[in-house]
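Geometric and topological summary
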Amino acid sequence: MTLETIHACPTSGQAVTSCCGRTPFELPRMDRMSTDASLVNCRTEAEEQFPVGEYRLSTR
Ligand SMILES: [Zn+2]
């Protein structure tokens, strides 16, 4: 099972994603983008505070 990061697609007039403030070119190639906010699971702030693996274990 692959957990892929889905970023918020930049809206028209914006060059960077609203979730993590990066341009699509800066995002990891495996990551995806969506215009549907309910699908976005990019959580830059959380990942900066907790290692991704421990964060997911602590929430399950
Ligand atoms: Zn993002």
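An account of the accompanying structure is given in this report. (Residues numbered from 1 in each chain as written. Predicted model: local features only at pLDDT ≥ 70, side-chain atom pairs only at ≥ 80, totals over all residues. Heavy atoms only, no water.)

1. A closer look at the coordination of the zinc ion
Each protein donor to the zinc ion is listed here as His7 (ND1), Cys19 (SG), Cys20 (SG) and Cys42 (SG); together their distances run 1.9 to 2.4 Å. Between the four donor atoms coordinating the zinc ion, the angles at the centre fall across 99 to 122°, so the site counts as tetrahedral. Each donor residue of the zinc ion belongs to the same chain, and together they define the spacing H-x11-C-C-x21-C. With cysteine 20 in the loop between β1 (6-8) and β2 (32-34) and cysteine 42 in the loop between β2 and α1 (44-49), this pair connects stretches of sequence that are 22 residues apart. Cysteine 20 gets classed as buried once you look at its relative accessible area, which sits at 17%. (Donors = N, O, S within 2.8 Å, 3.2 Å for Na, K, Ca; no water. Tetrahedral: all angles 85-135°; square planar, octahedral: opposite > 155°, others 65-115°. Helix = DSSP H or I, 4+ residues; strand = E, 2+ residues; numbered from the N terminus. Buried < 20%, exposed > 50% of the residue type's maximum accessible area, 1.4 Å probe, protein only.)

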